[in-house]
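The lines below spell out each chain.
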Amino acid sequence: MKNISLLCASLLLFSFTLGASVHSADRRSNLLLKFISQLGGPRDFALHQVIGTRCNRYLPQSRKEACRLGVKKLIAVLDYDVIFSDNILPPWNPNNTWTPSSFVFVAFKTILIDLLSNSVTEVFLDDLNEELYRFISGTKRELNIWSVTKKYFQTDHDAARVMAALFQDTSSRKLHLAYLETAGTEGSEQFQSNKELLSRVIDTINLVLDLSEDNYRMLFYPRELQQDLNRNIYHFYVPLYLAKALAASGQPEDIAFAAPLMLTLSYEFVTASQDYRYLFSDPDSVTLVSKVKDIYAGYAGTKLGTRGMGFIPFENVRSAFERTSREGVTLLLGL
């Protein structure tokens, strides 16, 4: 029983922190993090078991094991960590003083540090910040951050790596930068100045969001997807980079596509309830449009990362998930 509790808590910690934002943190912090705040456990093993359950459920028999192996590689690529504040009260505290600010989280830790130590990153962020201010002032009518990124990191693989690592949290909390501070991560003068510059760029991005959420979608998403995705860009760029990285590591195309999609599905299904009921099972259907949009973002990212453009229409996906989750997943997998 103790092992099951460790497994549940470890996975729920990850599924929460990967998608952390101000609103999601406020909504789920009590359920997921009070219990685990003083708990260790084999997080990678837990995550592999939960995602692997979806491999077993949805992949053909001949591809189940390959999917599970792909998930193991995916977790290594994620290179994630979480730090809890030392001064938080234990989860059983009767005053209920837990807040989402009691932890910091990072994914792609090594990549983030390497990018912030790179002189090219400084030139890229300076240019991007200038372009963003031109967009805000109205002197530039259209802007797409992916296009700017490709100017400095020419391949799709490298551009996806930059987007996933540098912009993994564009909320005002900037959890990945807060992680570097809390962990005491020191680097060169270049590292420190790039970290401050990235923080300013994210502040500028939020100015764009304050003006219009439609503008925010235009900044981050391909034109074909802008109307169908939420503003939580990690749902798109994390699976996009994971798919690219898995393909580059030699994973077959179908596994480079399926493994990140199973991660997205695990996160969305587990957080579809305020308890642990969907840790290893799935909801019969998904009717909340915003949640289907986040699933669709994960699908679109993995599709773009492995098979290119040409997406199943969102309305087809929404209708399928409203009928049954299995029908929705089967549609996305092309089975």
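Further up the page is the structure itself.
Throughout, residues of each chain are indexed from 1 in the direction in which the sequence is written. The model is predicted, so local features are restricted to residues of pLDDT at least 70 and side-chain atom pairs to those at 80 or more, both for listing and for counting; the totals for chains, interfaces and linings are taken over all residues. No hydrogens and no water enter the side-chain calculation; it runs on all heavy atoms of the structure.

Caption draft 1: Geometry of helix α5 (residues 109–116). Within α5, the full set of buried residues consists of Ile111, Leu112, Leu115 and Leu116. Projected down its long axis, α5 carries its buried residues within an arc of 125 degrees, all on one side. With a 1.4 Å probe rolled over the protein chains alone, any residue whose accessible area is under 20% of its type maximum counts as buried; one over 50% counts as exposed, and the rest are partly exposed. Strands are runs of DSSP state E lasting at least 2 residues, helices are runs of H or I lasting at least 4, and numbering of each runs from the N terminus. What the arc covers is the set of directions going from the helix axis to the C-beta atoms.

Caption draft 2: Focus on the packing of α5 against helix α10 (residues 189–211). Where α5 contacts α10, the two axes come as close as 8 Å, and the packing angle between them is 105 degrees. One finds that α5 runs roughly perpendicular with respect to α10. For the pair formed by α5 and α10, the contact residues are Ile113, Leu115 and Leu116 on the first element and Gln190, Phe191, Asn194, Lys195 and Leu198 on the second. Polar here means any residue outside two lists: the nonpolar Ala, Val, Leu, Ile, Met, Phe, Trp, Tyr, Cys and Pro, and the charged Asp, Glu, Lys and Arg; Gly therefore counts as polar. The residue makeup of the contact of α5 with α10, split by class, is five nonpolar, two polar and one charged. Note on method: axes are straight lines fitted to C-alpha atoms, helices fitted across the in-contact stretch only, with angles between N-to-C directions ranging 0 to 180 degrees. We call two directions roughly parallel when the angle between them is under 35 degrees, roughly antiparallel when it is over 145, roughly perpendicular when it lies between 65 and 115, and oblique otherwise. Should any heavy atoms of two residues lie within 4.5 Å, those residues are considered in contact.

Caption draft 3: How the structure looks around the side chain of histidine 235. Within the fold, histidine 235 resides in helix α12 (residues 234–248). Residue class for histidine 235 comes out buried when judged on its relative accessible area of 6%. In protein, a polar contact means a hydrogen-donor-capable atom and an acceptor-capable atom, both N or O and within 3.5 Å, with residues adjacent in sequence counting only if both atoms are side-chain atoms; elsewhere, any N or O pair within 3.5 Å suffices. Only 3.4 Å separates the side chain of histidine 235 from the side chain of tyrosine 234, close enough to count as a polar contact. Leave out the neighbours within four places in its chain, and histidine 235 touches Tyr267, Glu268, Asp294, Ala297 and Gly298.

Caption draft 4: The layout of surface pockets, seen in detail. The pocket and cavity definitions rest on a 1 Å grid over protein atoms only: a 1.4 Å probe that fits but cannot leave marks a cavity, an open set with protein on both sides within 12 Å along at least five of seven lines marks a pocket, and residues lining either have an atom within 4 Å of a point. Grid points are joined across faces, edges and corners, and a volume is the space filled by probe spheres set on the points. The volume enclosed by the second largest pocket comes to roughly 190 Å³. Contributions of two or more residues to the lining of the second largest pocket are made by α7 (145–152) and α12. Per-element accounting of the lining of the second largest pocket gives the leading share, four residues, to α12. Residues of the lining of the second largest pocket, tallied by class, amount to eight nonpolar, two polar and two charged.

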